[in-house]
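What the coordinates show
One-letter residues, chain by chain:
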Amino acid sequence: MEKGISSVEVLPSKSSQVTAVKVVVKEPETKQTQRGKRVGFVLVHAGAGYHSESKAKEYKHVCKRACQKAIEKLQAGALATDAVTAALIELEDSPFTNAGLGSNLNLLGEIECDASIMDGKSLNFGAVGALSGIKNPVSVANRLLCEGQKGKLSAGRIPPCFLVGEGAYRWAVDHGIPACPPGIMATRFSLAAFKRNKRKLELAEKVETDLIQLKKRRQSNEKGSRVLCRACGRLPVVVGKGGDHIELFPLENDSGTLDTVGAVVVDQEGNVAAAVSSGGLALKHPGRVGQAALYGCGCWAENTGAHNPYSTAVSTSGCGEHLVRTILARECSCALQTEDAHQALLETMQNKFIGSPFLANEDGVLGGVIVLRSCRCSAEPESSQEKPTLLVEFLWSHTTESMCVGYMSAQDGKAKTHISRLPPGAVAGQSVAIEGGVCRLESPESS
């Protein structure tokens, strides 16, 4: 099943600071489904951040492998939740993503991961936060979801759906998930980034110390004077009349640090599932939990129902604090119940994310989403066949400089990958890129 980009056009936006890019994708001609072969679709992302051209091949390759793992599960008749977990495990195992293996290190030089998963059929949810010592956090989240579906524990206790820290680790080990030595989780890439960021932090702290001293001098010197900064040895500081040190030492919260990974899946029965996994921000405070673990923020999945004409699945990426304060995954899912999925997602990213009153004081709002929605429809009018078709619309959108995605249906020979980028001149944190496509999945003929 081929899905090719046919054109690019710039869409008008409600704000002059928001640029929306639409990539029109040709709807593929559906190949004849093999007798007895199951169908399904998966869309994955390797994060919203910045993806350098030098590493583009690695990012695309891991997205391809993740798609293939999910499709293999779907073709074998596995649940949508198991398929989305398989995709996430592949993404977590890559040293190029900020999830599982090679995640960002916190202030103490430790790895603490967040992950969650949601089943659209049962609406059950499983999540872990600030988890150390487990190679694949999403496997623990999935196990929590599965155990929760079994009902109450002994003495009528409610089974947990969200565990953090040491408690999450002990629960995982008690349920047969193998522990992983901390030294294995950190890679040479993540260790090198940690050392660079620690040095930047030390410089920034020296600057802050100088600033305190300079402010004290300012009180006794109304005319002002220029003073060298101990950290950088320059003359950027003006003391007096509101002078402040404006030299910044930004941490590497770009391609190697905002790259939360995620996936959304729909199976042959139309059931959807979504999952997300992250190592969090660089040099985060120990115990910090981001959107990847929080209900309605990192992922969302919900089957069609009395009030939902479409089944929807969403996975987010970006600055966790921005995504938490806007509950973006849930917002996107609700918006996708309207007729025009593309317009609904665009307006959500503009009005509920970049333009959110909860983020009014932020200079730039950084994040991205992948979404899919599906519904049952009859065969095309000119077709003589009566078998139902699953119509799947899939989209990705981001306010970061780039976002790497991959997608594949069970009828495809191989996965497609793409690195979406903001257009030239667009400002990250103030602009929106949005792309996507459509595919039809025919139910297989009975054998």
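Just so it is clear, the model here is predicted, and its values are computed rather than measured.

About the cut-offs
Residues numbered from 1 in each chain as written. Predicted model: local features only at pLDDT ≥ 70, side-chain atom pairs only at ≥ 80, totals over all residues. Heavy atoms only, no water. Helix = DSSP H or I, 4+ residues; strand = E, 2+ residues; numbered from the N terminus. Buried < 20%, exposed > 50% of the residue type's maximum accessible area, 1.4 Å probe, protein only. Contact = heavy atoms within 4.5 Å. Areas by Shrake-Rupley, 256 points an atom, 1.4 Å probe, with all protein chains shown as cover. Arc of directions from axis to C-beta. Core = buried A, V, L, I, M, F, W, Y, C linked by side-chain atoms within 4.5 Å. Phe/Tyr/Trp six-rings, centres within 6.5 Å; stacked < 30°, edge-to-face > 60°. Lys NZ or Arg CZ within 6 Å of the ring centre and 35° of its normal. Axes fitted to C-alpha atoms, helices over the stretch in contact; angles between N-to-C directions. Parallel < 35°, antiparallel > 145°, perpendicular 65-115°, else oblique. Left-handed = near helix turned anticlockwise from the far one by under 90°. Nonpolar A, V, L, I, M, F, W, Y, C, P; charged D, E, K, R; others polar. Pairing = 2+ DSSP bridges. pLDDT = per-residue confidence, 0-100.

Here the focus is the overall build of the protein chain. A tally of regular secondary structure across the protein chain gives nine helices and 17 strands. Sorting the 447 residues of the protein chain into buried and exposed places 53% on the buried side. For the protein chain, the proportion of contacts with a sequence separation of at least 24, taken over those separated by at least 6, is 72%. Total accessible area on the protein chain is roughly 19800 Å²; 52% of this is exposed by carbon and sulfur atoms.

Turning to helix H8 (residues 328-335), a few remarks are in order. Buried residues of H8: Leu-328, Ala-329, Cys-332, Ser-333 and Ala-335, and no others. Looking down the long axis of H8, one finds its buried residues gathered within 165 degrees of arc, a one-sided arrangement. Against the buried residues of H8 lie strand E11 (299-302), strand E12 (311-318), helix H7 (320-326), helix H9 (341-354) and strand E13 (367-377).

Counting residues in hydrophobic clusters, the biggest one holds 47 residues, and the most contacted among them are Phe-41, Leu-43, Leu-345, Val-369, Val-371 and Leu-372. Sort the elements by how many residues they give to this core and H9 lands first, with six residues. The contact partners of Val-369, leaving out residues within four places of it in the chain, are Val-314, Ser-315, Thr-316, Leu-328, Cys-332, Leu-345, Met-349, Leu-395, Trp-396, Ser-397 and Met-403. Counting residues in hydrophobic clusters, the runner-up holds 44 residues, among them Cys-63, Ala-141, Trp-171 and Ala-415.

For the coordinates displayed, the defined rule picks out seven aromatic pairs. A centroid spacing of 5.1 Å and a plane angle of 85 degrees characterise the contact between Phe-125 and Tyr-295, whose relative ring orientation is edge-to-face. Taken together, the residues span a long stretch of sequence, with Phe-125 in strand E5 (residues 125-131) and Tyr-295 in the loop between strand E10 (272-278) and E11 at a distance of 170 residues. On the basis of relative accessibility, which here comes to 8%, the residue Phe-125 falls in the buried class. The ring centre of Tyr-310 lies 3.8 Å from the NZ or CZ of Arg-373, which sits over that ring.

As a further point, take the packing of helix H2 (residues 80-92) against helix H3 (residues 137-148). Where H2 contacts H3, the two axes come as close as 8 Å, and the packing angle between them is 160 degrees. Taken as axis vectors, H2 and H3 run roughly antiparallel relative to one another. The interaxial crossing formed by H2 with H3 has right-handed handedness. In contact with Thr-81, Asp-82, Thr-85, Leu-88, Ile-89 and Glu-92 of H2, H3 contributes Pro-137, Val-138, Ser-139, Asn-142 and Leu-145. When its residues are assigned to classes, the contact of H2 with H3 shows five nonpolar, four polar and two charged.

Now for the sheet that holds strand E3 (residues 40-49). The pairing of strands in a sheet comes from backbone hydrogen bonds and takes either a parallel or an antiparallel form. One open sheet holds the eight strands; their spatial order is E6-E5-E4-E10-E9-E3-E15-E16, and the pairing between them is mixed. This sheet does not close on itself; its edge strands, each paired only once, are strand E6 (162-164) and strand E16 (416-421). Here the average twist between neighbouring strands, direction ignored, is 10 degrees. Here six bridges tie strand E4 (residues 113-119) to E10, and the two strands are oriented antiparallel to one another. Bridge assignment links Ala-115 to a residue of E10, and that residue is Ser-277. Strands E4, E5, E6 and E10 of the sheet are contacted by H3, whose axis makes an angle of about 140 degrees with E5.

For the protein chain, per-residue confidence averages 84 on the pLDDT scale, and 79% of positions sit at 70 or higher. Counted against residues more than four places away or in other chains, residues 223-249, with its pLDDT under 50, gives 55 contacts.

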